[in-house]
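Notes for the structure review
Chain residues, written in single-letter form:
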Amino acid sequence: MAVWDDLVGQDRVVEQLTAAARDADAYVTAAASGEDGDRAPGPAGLSGSAMTHAWLFTGPPGSGLATAARAFAAALQCVSPDRALGGAPGCGFCDGCHTALIGTHADVEVVRASGLSTGVGDTRELVRRAQLSPSGGRWQVVVHETADRLTEQAANALLKAVEEPAPRTVWLLCAPSADDVLPTIRSRCRHLVLRTPPVDAVADMLIRRDGIEPDVAVAAARATQGHIDRARRLATDARARTRRAAVLALPTRMDDIGDALRAAQQLVDAAGEDAKEAVEEVDAKETEEMRAALGASEGGRLPRGTAGVMKDLEKRQKSRATRAQRDSLDLALLDLTAFYRDVLVRQLGTQVMIANEDVRDAVERIASSTRPEQTLRRMEAVLECRRAIERNVAPLLAVEAMAVALRAG
């Protein structure tokens, strides 16, 4: 299994990354054999190559940004003997590939913001570690899966490292779009744009890799419109299917203002419960480990002077819970957008296949009783709710405003 097998529908990107991995492998091999003398490999030696020291992966949610970055990191660390026979790096089986893919490679660091953003302190520490030489691998690779969540100060700290990279360090940055990254950073990166994977390709991956029944895999891929992670979760998690069904029932349950406000409250509560389930176990484990590290006995009081450390931990956990709730709520809003997209498809009489086949009756009923301009206003109301939540508007207030707008049409 090559490292690229989970990168669905991205043939052009795989071709570019494979060429870069070949050049990177040839460069390090030549340096190790002494062809470049005693000089360590550096950015200048890669000029004109398919390889470079900073990459920016952008694309719509679910396109596989993090998957592409991790696969490339594994290919850069590949030590398969087949390379000497002309094989491309990224076999997926050697120690370098395997440990990079499962997250245990000493020279591959994966960074993901657990809270609302990544601050300058964490970024400076990351930059410091990235300056070190590889401890055993071929490159020092940093995969930043949430480069769009860097604060302004953090982005400026990262800029310095991207401008003047260490000789054997590679930065792989992921963001929804190039506009989500500082212009000065993206101008120093090689930019790869991923596309939304085809529904059929996502369904095939679910069947092939996860053993999902074909009809379930096709329904999940279609419902999520090619979003790989959401499709996998929908196909394997009964609770996710139940929550989605509740969200898709909202458009038919808002006969008056009271119904609309109750629907908004239920949507926010469901997102909160989903987020709680996602972080509760992690929070409990972190808290117990921190108490043990501070020397507190089980169930006992903390040693004097350590309360501040626990408060910092609680602050980080609260930020993570807020992010988890926003992400859960955003998924629900995406499902609502897809529902109204199906309504619009039926109203315009196009031959495009609807995504939510399981609620076709509701789609047909609303499509026949409303006008396309009403549907467009409702889709805009959902998108405005997403934007409001990202601007730190209280989730309940934003969702209530959306619900009222959906009822009014």
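Our subject is the structure that appears above.
Residues numbered from 1 in each chain as written. Predicted model: local features only at pLDDT ≥ 70, side-chain atom pairs only at ≥ 80, totals over all residues. Heavy atoms only, no water.

Next up on the list: the overall build of the protein chain. Helix and strand counts for the protein chain stand at 15 helices and five strands. In terms of C-alpha radius of gyration, the protein chain reaches 24 Å, essentially the compact-globule figure of 22 Å for 409 residues. By principal-axis analysis of the C-alpha atoms, the protein chain measures approximately 75 × 65 × 40 Å. Buried positions account for 46% of the 409 residues belonging to the protein chain. Residue pairs in contact within the protein chain that sit at least 24 positions apart in sequence constitute 73% of those at least 6 positions apart. With an accessible surface of roughly 20,200 Å², the protein chain has 52% of that area assigned to carbon and sulfur atoms. Mean positive and mean negative side-chain charge positions of the protein chain (52 and 58 charges, respectively) differ by 3 Å. (Helix = DSSP H or I, 4+ residues; strand = E, 2+ residues; numbered from the N terminus. Rg over C-alpha atoms; globule rule 2.2 N^0.38 Å. Buried < 20%, exposed > 50% of the residue type's maximum accessible area, 1.4 Å probe, protein only. Contact = heavy atoms within 4.5 Å. Areas by Shrake-Rupley, 256 points an atom, 1.4 Å probe, with all protein chains shown as cover. Lys, Arg positive; Asp, Glu negative; His and termini not counted. Charge placed at Lys NZ, Arg CZ, Asp CG, Glu CD.)

With respect to the element layout, Gly409 can be found in the segment after helix H15 (395–408). Overall, the relative accessible area of 11% leaves Gly409 in the buried class. Considering only alpha carbons, one finds Gly409 and Thr375, 34 residues apart in sequence, at a separation of 7.0 Å. The contact partners of Gly409, leaving out residues within four places of it in the chain, are Gln374, Arg377 and Arg378.

Counting buried positions along strand E4 (residues 169–175) yields seven of seven residues, so the element is predominantly enclosed. Neither face of E4 is open: one carries Thr169, Trp171, Leu173 and Ala175, the other Val170, Leu172 and Cys174, and all of them are buried. In terms of strand pairing, strand E1 (residues 54–58) meets E4 through five bridges, oriented parallel. Bridge pairing in E4 places Trp55 opposite Leu172. Handedness of the crossover joining strand E3 (residues 140–144) and E4 through helix H5 (residues 152–163): right-handed. (Pairing = 2+ DSSP bridges. Right-handed = clockwise from strand over helix to strand, strands pointing away.)

Let us look at a nonpolar patch on the surface. There is a patch of nonpolar side chains on the surface, built from Ile257, Leu261 and Val404 and spanning about 200 Å² of accessible area. Relative to the elements of secondary structure, Leu261 occurs in helix H11 (residues 257–293). Classification of Leu261 as partly exposed rests on a relative accessible area of 34%. (Patch = residues over 30% accessible without salt bridge, like charges linked within 9 Å, V, L, I, M, F, W, Y side chains within 5 Å. Salt bridge = Lys/Arg side-chain N within 4 Å of Asp/Glu carboxyl O.)

In the contact formed by helix H4 (residues 120–130) and H5, the axes pass within 8 Å of each other and the chain directions differ by 15 degrees. Our classification of the angle between H4 and H5 gives roughly parallel. Where H4 crosses over H5, the handedness of that crossing is right-handed. Facing H4, whose interface residues are Val120, Thr123, Arg124 and Val127, H5 presents Gln153, Ala154, Ala157, Leu158 and Ala161. The class makeup of the residues in the contact of H4 with H5 is six nonpolar, two polar and one charged. (Axes fitted to C-alpha atoms, helices over the stretch in contact; angles between N-to-C directions. Parallel < 35°, antiparallel > 145°, perpendicular 65-115°, else oblique. Left-handed = near helix turned anticlockwise from the far one by under 90°. Nonpolar A, V, L, I, M, F, W, Y, C, P; charged D, E, K, R; others polar.)

Now for the packing of aromatic side chains. Inspection of every chain in the model, using the stated rule, returns two aromatic pairs. Relative to Phe72, the ring of Trp55 has its centre 5.1 Å away and its plane inclined at 75 degrees; by these criteria the two rings are edge-to-face. Linking Trp55 in strand E1 with Phe72 in helix H2 (residues 65–76), this pair joins segments that are 17 residues apart in sequence. By the burial criterion, Trp55 is buried, and Phe72 matches it. Plain terms: the ring middles of Phe339 and Tyr340 are 5.5 Å apart, the flat faces sit at 90 degrees to each other, and that makes the pair edge-to-face. Neither Phe339 nor Tyr340 differs from the other in exposure class; each is buried. A cation sits over an aromatic face here: Arg168 above Trp139, 6.0 Å from the ring centre. (Phe/Tyr/Trp six-rings, centres within 6.5 Å; stacked < 30°, edge-to-face > 60°. Lys NZ or Arg CZ within 6 Å of the ring centre and 35° of its normal.)

What follows concerns the nonpolar core. Counting 37 residues, the largest nonpolar core has Trp4, Trp55, Phe57, Phe72 and Leu172 as its most contacted members. Listing elements by their share of this core, those giving two or more residues are helix H1 (11–32), E1, H2, helix H3 (95–102), E3 and E4. With nine residues, the single largest contributor to this core is H2. Each residue touching Leu172, except ones within four places of it in the same chain, is listed here: Trp55, Phe57, Ala69, Phe72, Ala73, Val141, Val142, Val143 and His144. Counting residues in each nonpolar core, the second largest holds 34 residues, with Ala271, Ala332, Val343 and Val399 among its members. (Core = buried A, V, L, I, M, F, W, Y, C linked by side-chain atoms within 4.5 Å.)

Let us look at the packing of helix H8 (residues 214–223) against helix H9 (residues 228–236). Between two packed helices, both the angle of their axes relative to each other and the distance between the axes serve to describe the pair. Two elements in contact, H8 and H9, have axes whose closest approach is 8 Å; the angle formed by their N-to-C orientations is 135 degrees. Between H8 and H9, the angle falls in the class oblique. Judged by the twist between their axes, the crossing of H8 over H9 is right-handed. Residues Val216, Ala220, Ala221 and Ala223 of H8 lie in contact with H9, whose contacting residues are Ala231, Leu234 and Ala235. Across the contact of H8 with H9, the residue classes tally to seven nonpolar, no polar and no charged.

Spatial relationships are all this shows, so hold off on functional conclusions.
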